[in-house]
Amino acid sequence: MAEIVLGAWTTHGPTLSTTPEEWLLRLPADKAKKDHPFRGSTYDFPALVELRKDENLGAKATLEERTARSIKCRAGIDRLADIFEEARVDVAVIFGNDQHEIFMDDLIPGLTVFNGPTIWNAPATEEQAAKSPPGIHASEWGHKPPQYTEYPGHPELANRIIRQAVADGFDVAKSSKIPEHEGNWHSGIGHAFGFIYRQIMRDKPVANVPLFANTFFPPNQPTARRCFAFGQAVGRAIKAWDSDARVAVFGSGGMSHFVIDEAFDAKIIAAIQAHDAETLCSIGEEHFQAGTSELKNWIAAAGCLFETDLSGDLIDYVPCYRSEAGTGTANGWLAWNKKAI
């Protein structure tokens, strides 16, 4: 039977693919936004500054601090990439999300399994770059190849996952082809997956199955509990697969952003390390808003991995602040394999 030999959780945001100076490209958008989600409520930028003034977050957002944290992030990525290489993986299953890259407002499924034989990606055109959100195009190299590139999917495993999910009560969507949306700001597979191909698999992706959860867009986001259960179904499909394949399972997304909440991130990490499913599943929807919602991909991966015999530890956790309001992106990496890190 197939064997899950590696479980990995990684962030994938723009701070990991931009310079510390470029982190501030997002700051005007931070200041203009009127409804930053944070701990169950929403705030504009001045309100966040006032709310968090005692945390002295401005000192964590200086260029010196941003530079030091950027270096730590690169070390975390490199360590996870080394672990992946050492695991000698044949196939990967990646829990990720979409942000109007594959799915548009005419159709956004809650859960989707990609079962096509080919996954393509390509750099943005000049027109697309001009449409990118602030600070996003600068990070493109981190999740897009320099030219049109095709990667291998794994239809056999994908179809097994679909059948298992349906048997377990999930009405999953399936997609066999990465679309091209005329006039969109993005082309190819989404950044949740492209980041892993480029920076964790170091441009040598194994055959893989992308799994999309709609974490961002109301009203049909699956809950944390539903994501965990979906991960369990995926785990059952892998274990029942009559193959000698060595499989890696990734959770791609998070951590807290666009307002950093170190306590919330610590809760997620501790629950994963303790195999504490109920803590993960009982977190309310009010805490999974904006970019922080991507942590549902971590929870889905946990559902898949909690029933394995893998073990490991936190590689690193690096909150990357860009303002005194606490805006920025928290980054983190965990890996479980046959031996502790």
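Draft legend 1. How the structure looks around helix α6 (residues 191-200). The buried count for α6 comes to 10 of 10 residues, which makes it a mostly enclosed element. Taken together, the buried positions of α6 are occupied by His-191, Ala-192, Phe-193, Gly-194, Phe-195, Ile-196, Tyr-197, Arg-198, Gln-199 and Ile-200. One or two positions beyond α6, positive phi appears at Arg-202, with a value near 55°.

Draft legend 2. Representation of the pairing of strand β5 (residues 111-114) in the model. Here β5 shows no split at all, with Leu-111 and Val-113 on one side and Thr-112 and Phe-114 on the other all buried. As defined by bridge partners, β5 adjoins strand β8 (residues 173-175) across three bridges and the pair is classed as parallel. Each residue of the ladder has a partner; that of Phe-114, found in β8, is Ser-175.

Draft legend 3. Highlighting the confidence of the model for the chain. Mean pLDDT over the chain works out to 96, with 99% of the residues at or above the 70 mark. In the model of the chain, helix α4 (residues 126-131) stands out as the element of lowest mean pLDDT, 86, in contrast to strand β4 (residues 91-97), which has the highest, 99.

Draft legend 4. Region of the structure containing the environment of Thr-19. Position of Thr-19 relative to the elements: it lies in the loop between β1 (3-10) and α1 (27-32). Spatially, the C-alpha atoms of Thr-19 and Cys-304 are 34 Å apart, while their sequence positions differ by 285 residues.

Draft legend 5. View of the pattern of salt bridges. Under the counting rule described, the total for this entry stands at 20 salt bridges. In this structure, Lys-60 engages Glu-262 in a salt bridge whose closest nitrogen and oxygen atoms are separated by 3.6 Å. With Lys-60 in the loop between α2 (45-51) and α3 (63-87) and Glu-262 in helix α8 (residues 262-273), this pair connects stretches of sequence that are 202 residues apart. A salt bridge links Asp-203 to Arg-198; its shortest N-O distance comes to 3.0 Å.

Draft legend 6. Looking closely at the pairing of strand β9 (residues 207-213). The buried fraction of β9 is high, at seven of seven residues. Covered by surrounding structure in β9 are Ala-207, Val-209, Leu-211 and Ala-213 together with Asn-208, Pro-210 and Phe-212, the residues of both alternating faces. Pairing between β4 and β9: seven bridges, direction parallel. Each residue of the ladder has a partner; that of Gly-96, found in β9, is Phe-212. With three bridges joining them, β5 and β9 adopt antiparallel strand pairing. Its bridge partner being in β9, Leu-111 is matched across the sheet by Ala-213.

Draft legend 7. Geometry of the sheet that holds β4. One open sheet accounts for eight strands, arranged β8-β5-β9-β4-β10-β1-β12-β11; its pairing is mixed. This sheet does not close on itself; its edge strands, each paired only once, are β8 and β11 (311-321). This sheet shows a mean twist of 20° between the axes of neighbouring strands, independent of strand direction.

Draft legend 8. Here's a closer look at the packing of aromatic side chains. For the structure on display, the rule yields 13 aromatic pairs. With centroids separated by 5.6 Å and ring planes inclined at 65°, the aromatic side chains of Phe-228 and Phe-306 adopt a geometry described as edge-to-face. Here Phe-228 is found in helix α7 (residues 224-239), whereas its partner Phe-306 is found in the loop between α10 (295-305) and β11, with 78 residues between them in sequence. The class for Phe-228 is buried, based on a relative accessible area of 7%.

Draft legend 9. Structural detail: the layout of surface pockets. The calculated volume of the largest pocket comes to roughly 750 Å³. Around the largest pocket, the lining is made up of 37 residues, and of these Arg-26, Gln-99, Ile-136, Phe-216 and Phe-258 lie nearest the centre. Of all the secondary structure elements, the ones that give two or more residues to the lining of the largest pocket are α1, β2 (36-38) and α6. Classifying every residue of the lining of the largest pocket gives 13 nonpolar, 16 polar and eight charged. Counted as a void, the second largest pocket has a volume near 170 Å³. In terms of lining residues, the second largest pocket is bounded by 13 residues, among which Ile-102, Phe-103, Leu-107, Pro-179 and His-181 are the most central. Sorting elements by how many residues they give to the lining of the second largest pocket places β8 first, with three residues. Residues that form the lining of the second largest pocket fall into these classes: seven nonpolar, three polar and three charged.

Conventions used here
Residues take numbers from 1 onward in each chain, read along the sequence in its written order. Reporting in this predicted model follows two pLDDT cut-offs: at least 70 for local features of residues, and 80 or more for side-chain atom pairs to be given and counted; totals over whole chains, interfaces and linings ignore these cut-offs and use all residues. Values reported for side chains reflect all heavy atoms of the structure, with hydrogen atoms and water molecules removed beforehand. For every residue, the accessible area (1.4 Å probe, protein chains only) is compared with the maximum for its type, and the residue is labelled buried under 20%, exposed over 50%, or partly exposed between those bounds. Counting from the N terminus, the helices are DSSP H or I runs at least four residues long and the strands are E runs at least two residues long. In this description, strands pair whenever DSSP reports at least two bridges between them. pLDDT measures the predictor's confidence residue by residue and takes values from 0 up to 100. The rule for a salt bridge is simple: a side-chain nitrogen of Lys or Arg has to be within 4 Å of a carboxyl oxygen of Asp or Glu. Here an axis means a line fitted to C-alpha atoms, over the contact stretch when the element is a helix, while the angle between two N-to-C directions is reported on a 0 to 180 degree scale. By convention, a stacked pair of Phe, Tyr or Trp rings (six-membered ring in the case of Trp) has centres within 6.5 Å and planes under 30 degrees apart, an edge-to-face pair has planes over 60 apart, and any other such pair is tilted. A pocket, in this scheme, is an open set of points on a 1 Å grid over the protein atoms alone with protein on both sides within 12 Å along at least 5 of 7 lines, while a cavity is a set where a 1.4 Å probe fits but cannot get out; residues line either one if an atom lies within 4 Å of a point. Grid points are joined across faces, edges and corners, and a volume is the space filled by probe spheres set on the points. Residue classes follow a fixed rule: Ala, Val, Leu, Ile, Met, Phe, Trp, Tyr, Cys and Pro count as nonpolar, while Asp, Glu, Lys and Arg count as charged, and any other residue, Gly among them, counts as polar.

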